[in-house]
Protein chains: 2
Amino acid sequence: MTARLTLSLDAMGGDNAPEMVIRGAELALERFPDLHFLIFGREEQIAPLIVPGSILAKASEIRNAPDVVGSDAKPSVALRGGRSSSMRLAIDAVRSGDASGVVSAGNTGALMAMAKFVLHTVPGIDRPAIASFFPTQRGESVMLDLGANLECDEENLVQFAIMGDVFARAVLGLQRPSIGLLNVGVEGQKGHEHIRRAATLLRESGMPLDFRGFVEGDDIGAGTVDVIVTDGFTGNVALKTAEGTAKLIGLFLRESFKSSLLSRIGYLLSQPAIKRLRSRVDPRRYNGAMFLGLNGIVIKSHGGTDAFGFANAIGVAADLCMQGFIDRIKDEIQNLTLEASNQKAAAL
Amino acid sequence: MTARLTLSLDAMGGDNAPEMVIRGAELALERFPDLHFLIFGREEQIAPLIVPGSILAKASEIRNAPDVVGSDAKPSVALRGGRSSSMRLAIDAVRSGDASGVVSAGNTGALMAMAKFVLHTVPGIDRPAIASFFPTQRGESVMLDLGANLECDEENLVQFAIMGDVFARAVLGLQRPSIGLLNVGVEGQKGHEHIRRAATLLRESGMPLDFRGFVEGDDIGAGTVDVIVTDGFTGNVALKTAEGTAKLIGLFLRESFKSSLLSRIGYLLSQPAIKRLRSRVDPRRYNGAMFLGLNGIVIKSHGGTDAFGFANAIGVAADLCMQGFIDRIKDEIQNLTLEASNQKAAAL
């Protein structure tokens, strides 16, 4: 049941690396005591952060990587020049089988480019997508793509729907996730042509997906569907808009409570409620986006997160590894696309 | 100073029309006592809603319109078949000069199609855009396009920036609004090609705009810039995502306060603060989107709003009319584009 699971960590990625990564690994060990880490980065910076004889020291191994991928490095440049970077070597460890998955808080574009180059996509998927889950009125939902593919055609969107379906079943434990395509209206004639074509494909594909048609921006928070499919440009804007709105309301809430003495007292009494609210919308809780569609578990942590957030990203990686997610997604994609191509062939 | 201003109202548009429109007109008169309304719609439905001898009765005139544009009518169909609709006749009144502006809570696509057909765009603008203002951490900002143009090229985006600049100066009273292009990163190489080209045009145009480059989704709530420029698809998704997130957090807040007795007491004491918060994020306060770029003031109210929200949409129309907004925007666009073409000519 609890076979030792090894994850590789890019210790040098993120605003507060490597401290944040090391503290995050320690926190993750509290939840997953059987984890083992390969920590990639500059040994002279990492070694002093790990107390000899500590739980982390026993559960990890530092692997020296001389280079660091800059947070503003162009993906193509990082790919060519970053062969001895902590990010690249951490991904290589997944390829070689030394690790079951990798977690990095570094440059998203570079991580995607390297992961694609090293791990390749699974059969049936042209382009990987970034997926994450977030709170809704009905519980939690999954959205993809969150920024890997700015331009998508209908085939990409259909593949995202398939990957989102499998991801939602794995991380949210749903039997049959409902799927919606993000659009500017629910009527059939609205939106970009490739979105309408994707809807037609999903409806007529014969794949056993619970496709519910179009959803709009407010359906994200409402939790109208379990999986929201969109291109990487729109998904990225939507995700960040939601984060910005949550921050804005948090600020308004604090300001409102300071507006009178009675409110200040109310605020003090309401501390548990406010703490509870804060925890429910805490972006660190939802930290850890999955690069879906690759031959390996690659989890991107938010660059600005802290140890608590990074530990959650490690948790997502651990969950997916323990569920044999990559094999599951391969099987599902094969089954779904096979079924779809049979249907297509039958229709011709 | 307070010359009588006439607005035409589409009494039949919106979920709770015509009652909501009539009550909204009454509320608007409290704030703008010098307003006069031409109320278009089915006389037999509208007349019973107006108390004879009331302030509204004295300040309005019902103009019978036998037809109603359905909320799900296709714009092209509404344009061809809706010549005797309340929406169309209300727009015609602006064209004829009977009214200075029109307010409708009806079908957005039909309203845009009819307004474009009847009023035409101002010189220098190819396509009108939908603009609205919303709360931010720094005050209020303007965003456009919110859904009129799903596909935009760089020229459209540049025109939106110009219109947004003039709109922000008029409705937010800013001297020199800062302008940002919505993108998935602030670095120059990110995003769709037409967005990058629009940034180059805005930087090199020589127009006296305070263009700040790219902004991301979380900059909307942060209020990083005064004017956010984007295509209608992205703008619509961002706006609705923000609305959905605000609703979600409101729900979480209520649930959190109910989670313990102490929190319930805190909630009671905090009522003024919570009321204040609710009012700050109340979408009805920000109701009234402007169709920018037309030869006439056309304000779209949210279809699901109530009388309070509709009165705010009337308020936006009244504000813009009193400021001679259409002439201002015409002048500014002429000046800006003239300046830009001079610069272009000089550069050749």
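Residues numbered from 1 in each chain as written. Chains lettered and ligands numbered in written order. Predicted model: local features only at pLDDT ≥ 70, side-chain atom pairs only at ≥ 80, totals over all residues. Heavy atoms only, no water.

Q: Just checking my understanding: could you explain empty space enclosed by the protein for this structure?
A: Take a probe with the size of a water molecule and roll it over the atoms, and the empty space left behind shows itself. All names here are of chain B. All told, the structure shown has 3 cavities of 30 Å³ or more when counted by the stated rule. There is about 40 Å³ of room inside the largest cavity. Contributing to the lining of the largest cavity are Asp 10, Met 12, Gly 13, Val 68, Val 69, Ser 86, Met 87, Gly 106 and Asn 107. Tallied by class, residues from the lining of the largest cavity come to 4 nonpolar, 4 polar and 1 charged. (1 Å grid on protein atoms, 1.4 Å probe; cavity = no way out; pocket = protein on both sides within 12 Å on 5 of 7 lines; lining within 4 Å. Points joined across faces, edges and corners; volume = space filled by probe spheres on them. Nonpolar A, V, L, I, M, F, W, Y, C, P; charged D, E, K, R; others polar.)

Q: Quick question: what am I supposed to make of the nonpolar core here?
A: Across soluble globular proteins, nonpolar side chains have a tendency to be buried as a group. Ranked by internal contacts, the top residues of the largest apolar core, which has 108 residues, are Phe 37, Leu 181, Ile 314 and Phe 325 of chain B. Counting residues per element, this core draws most heavily on helix α7 (residues 154-172) of chain B, at 11 residues. Built from parts of two domains, this core gets at least three residues from each of domain 1 (1-123 + 293-325) and domain 2 (126-287) of chain B. When near neighbours in sequence (up to four residues on either side) are disregarded, Phe 37 of chain B contacts Leu 7, Leu 9, Ala 25, Ala 28, Leu 29, Leu 56, Ala 59, Ser 60, Glu 61 and Ile 314 of chain B. Residues Leu 157, Val 225 and Phe 291 of chain A together with Phe 233 of chain B belong to the second largest nonpolar core, which totals 107 residues. (Core = buried A, V, L, I, M, F, W, Y, C linked by side-chain atoms within 4.5 Å. Buried < 20%, exposed > 50% of the residue type's maximum accessible area, 1.4 Å probe, protein only. Helix = DSSP H or I, 4+ residues; strand = E, 2+ residues; numbered from the N terminus. Domains from an automatic or database assignment. Contact = heavy atoms within 4.5 Å.)

Q: When you look at helix α5 (residues 86-96) of chain A in this model, what are you seeing that I'm missing?
A: For the α-helix, the turn length of 3.6 residues means that residues three or four positions removed from each other point alike. Residue and element names in this part refer to chain A. Those residues of α5 lying buried are Ser 86, Met 87, Arg 88, Ala 90, Ile 91, Ala 93 and Val 94. Where α5 is buried, its residues contact β1 (5-10), β2 (35-41), α4 (75-81), β4 (101-104) and α6 (108-119). At the exit of α5 stands Gly 97, carrying a positive phi of roughly 90 degrees.

Q: What is the right way to look at the relation of the copies chain A and chain B in this model?
A: Screw-axis analysis of chain A against chain B gives a translation of 0.0 Å along the axis, an RMSD of 0.0 Å, and a rotation angle of 180 degrees. Here the copies are linked by what is in effect a two-fold axis. Measuring from the rotation axis to each C-alpha of chain A, the shortest distance belongs to Gly 266 of chain A, at 2.0 Å. A shared binding surface is used by both copies, with 100% of the interface residues of chain A retained as interface residues in chain B. (Least-squares fit on C-alpha atoms with pLDDT ≥ 70 in both.)

Q: Help me understand the packing of helix α1 (residues 19-31) of chain A against helix α13 (residues 307-322) of chain A, please; the structure alone is not making it clear to me.
A: Residue and element names in this part refer to chain A. Closest axis-to-axis distance for the α1/α13 pair is 7 Å, and the angle between their directions is 55 degrees. Between α1 and α13, the interaxial angle falls into the category oblique. Seen along the crossing, α1 lies across α13 with a hand that is right-handed. Every residue of α13 that contacts α1 at Met 20, Val 21, Arg 23, Gly 24, Ala 25, Leu 27, Ala 28 and Arg 31 is listed here: Ala 307, Phe 308, Phe 310, Ala 311, Asn 312, Ile 314, Gly 315 and Asp 319. (Axes fitted to C-alpha atoms, helices over the stretch in contact; angles between N-to-C directions. Parallel < 35°, antiparallel > 145°, perpendicular 65-115°, else oblique. Left-handed = near helix turned anticlockwise from the far one by under 90°.)

Q: Explanation requested: the domain arrangement of chain A in the structure shown.
A: By a widespread convention, an interface's size corresponds to the accessible area lost as its parts come together. Residue and element names in this part refer to chain A. The domain boundaries assigned to chain A delineate domain 1 (1-123 + 293-324) and domain 2 (126-291). One C-alpha centre belongs to domain 1, the other to domain 2, and the line joining them spans 25 Å. Taken together, the contacts link 24 residues of domain 1 with 19 residues of domain 2. Carbon and sulfur atoms make up 65% of the surface buried where domain 1 meets domain 2, a total of about 1700 Å² over both sides. If you sort the residues of domain 1 by the area they bury against domain 2, Met 112, Gly 293 and Leu 320 come out on top, with a joint share of 27%. Between the two partners, domain 1 and domain 2, sit 1 salt bridge. Among the salt bridges present, the one from Arg 284 reaches Asp 306, with a minimum N-O distance of 2.6 Å. Seen at the junction of domain 1 and domain 2, the total is 8 residue pairs in polar contact (both at pLDDT 80 or more). Within the residue set of the side of domain 1 that touches domain 2, elements represented by two or more residues are α6, β11 (297-300) and α13. A per-element tally of the side of domain 1 that touches domain 2 places α13 first, with 7 residues. (Buried area = accessible area lost by both parts, 1.4 Å probe. Salt bridge = Lys/Arg side-chain N within 4 Å of Asp/Glu carboxyl O. Polar contact = N/O pair within 3.5 Å; in protein donor to acceptor, adjacent residues only side chain to side chain.)

Q: I keep staring at the sheet that holds strand β5 (residues 129-136) of chain B and nothing clicks. Help me out?
A: Two modes of strand pairing occur in sheets, parallel and antiparallel, and in both the strands are linked by backbone hydrogen bonds. All names here are of chain B. Pairing in this open sheet of 11 strands is mixed, and the strands run β3-β2-β1-β4-β11-β10-β5-β6-β9-β7-β8 from one edge to the other. Since the sheet does not close on itself, it has two edges, and those belong to β3 (60-64) and β8 (210-215), each with one partner. Between one strand and the next, the sheet's axes are offset by a mean angle of 25 degrees, whatever the strand orientation. (Pairing = 2+ DSSP bridges.)

Q: Mind showing me how you'd approach the interface of chain A and chain B here?
A: At the interface, 53 residues of chain A touch 53 residues of chain B. At the boundary of chain A with chain B, total buried surface from both sides reaches about 5000 Å², with 70% on carbon and sulfur atoms. Remark: the boundary between chain A and chain B carries 2 salt bridges. With a closest N to O distance of 2.2 Å, Lys 240 of chain B and Glu 216 of chain A form a salt bridge. The interface formed by chain A and chain B holds 6 residue pairs in polar contact (both at pLDDT 80 or more) in total. Ranked by residue count, the leading element in the side of chain A that touches chain B is helix α10 (residues 232-257) of chain A, at 21 residues.

Q: When you look at a positive patch on the surface in this model, what are you seeing that I'm missing?
A: All names here are of chain A. Together, Arg 254, Lys 258, Arg 264 and Arg 278 make up a positively charged patch on the protein surface. Summarising the element assignment, Arg 254 is placed in helix α10. Residue classification places Arg 254 among the partly exposed residues on the basis of a relative accessible area of 38%. (Patch = residues over 30% accessible without salt bridge, like charges linked within 9 Å, V, L, I, M, F, W, Y side chains within 5 Å. Areas by Shrake-Rupley, 256 points an atom, 1.4 Å probe, with all protein chains shown as cover. Lys, Arg positive; Asp, Glu negative; His and termini not counted. Charge placed at Lys NZ, Arg CZ, Asp CG, Glu CD.)

Q: Please clarify how the packing of helix α7 (residues 154-171) of chain A against helix α8 (residues 193-204) of chain A should be interpreted in this entry.
A: Packed helix pairs are specified by the crossing angle of their axes together with the interaxial distance, meaning the distance between the axes. All names here are of chain A. Running from N to C, α7 and α8 point in directions that differ by 50 degrees, and their axes come no closer than 8 Å. Classed by the angle they form, the pair α7 and α8 counts as oblique. For the pair α7 and α8, the sense of crossing is right-handed. Here Glu 154, Glu 155, Leu 157, Val 158 and Ala 161 of α7 come into contact with α8, specifically with His 194, Ile 195, Arg 197, Ala 198, Leu 201 and Leu 202. Split into classes, the residues belonging to the contact of α7 with α8 amount to 7 nonpolar, 1 polar and 3 charged.

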